[in-house]
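# Residue-level structural notes
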Amino acid sequence: LARSWWDRYRATYLVDRVLLVGFREWPPGVERKADLDSGPIVAGVGAAASAFGIAAARAMGDTALALRLEATANAVGLAAAADTTSGRAASSTLAEAIRFQAAHQPAR
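Residues numbered from 1 in each chain as written. Predicted model: local features only at pLDDT ≥ 70, side-chain atom pairs only at ≥ 80, totals over all residues. Heavy atoms only, no water.

### Remarks on the packing of aromatic side chains
Stated formally: Pairing of aromatic rings covers Phe, Tyr and the six-membered ring of Trp, with a centre-to-centre limit of 6.5 Å; geometry is then stacked below 30 degrees between planes, edge-to-face above 60, and tilted otherwise. Secondary structure elements are defined from DSSP: runs of H or I of at least 4 residues count as helices, runs of E of at least 2 residues count as strands, and each element is numbered from the N terminus. Whether a residue is buried, partly exposed or exposed follows from its accessible area with a 1.4 Å probe, protein chains only, as a fraction of its type maximum: under 20%, in between, or over 50%, in that order.
Tallying each qualifying case throughout the model produces 4 aromatic pairs. The interplanar angle of 35° and the centroid separation of 6.3 Å between the aromatic rings of W6 and Y9 together place this pair among those described as tilted. Of this pair, W6 and Y9 both sit in helix α1 (residues 2–13), 3 residues apart, which is roughly one turn of that helix. Residue classification places Y9 among the partly exposed residues on the basis of a relative accessible area of 28%. Taken together through their ring pairs, the aromatic side chains of W6, Y9, Y13 and F23 make up a single cluster.

This is the structure:
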């Protein structure tokens, strides 16, 4: 059941633009602004959805996707460090907690 849900979620919400890989915060066709829970949204890709997607990918044994999501998160984090507002969001307690949880999710 979990594999079926993961496959459907990935097929519907994953945005893969080679250099930008992440999960949509909102369903396809729904475009909303970022809120406190979503974090920044860039080109439809949500920071929180993508961060939680790292742990989900690891839990589902989708290691290749987890590594790509982590690489994107690291690149975005470096870019955000140059911008005061984005840098604060990227280093917030919530952002750090999400990264910690994702990094410590055991691989399958």
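### Focus on the confidence of the model for the chain
Predicted coordinates in areas of low pLDDT are best not read in detail. Definition in use: What pLDDT reports is the predictor's confidence in each residue, on a scale of 0 through 100.
Scored by pLDDT, the chain has a mean of 80; 70% of the residues are at 70 or more. Per-element averaging of pLDDT across the chain places helix α4 (residues 84–90) at the bottom with 55 and α1 at the top with 96.

### A word on the pattern of salt bridges
Quick reminder of the rule: By convention in these notes, a salt bridge is any Lys or Arg side-chain nitrogen within 4 Å of a carboxyl oxygen on Asp or Glu.
Per the stated rule, a full pass over the model turns up 5 salt bridges. Taking the shortest distance from any N to any O, the salt bridge between D16 and R68 comes out at 2.9 Å. Note that D16 is positioned in strand β1 (residues 14–16) and R68 in helix α3 (residues 63–81), a separation of 52 residues in sequence. Judged by relative accessible area, which is 42%, D16 ranks as partly exposed. Here R58 ties to E70 by a salt bridge, and the two come within 2.7 Å at their closest N and O atoms. Of this pair, R58 sits in helix α2 (residues 47–59) while E70 sits in helix α3; the two residues are 12 residues apart in sequence, bridging distant segments of the chain. The class for R58 is buried, based on a relative accessible area of 13%.

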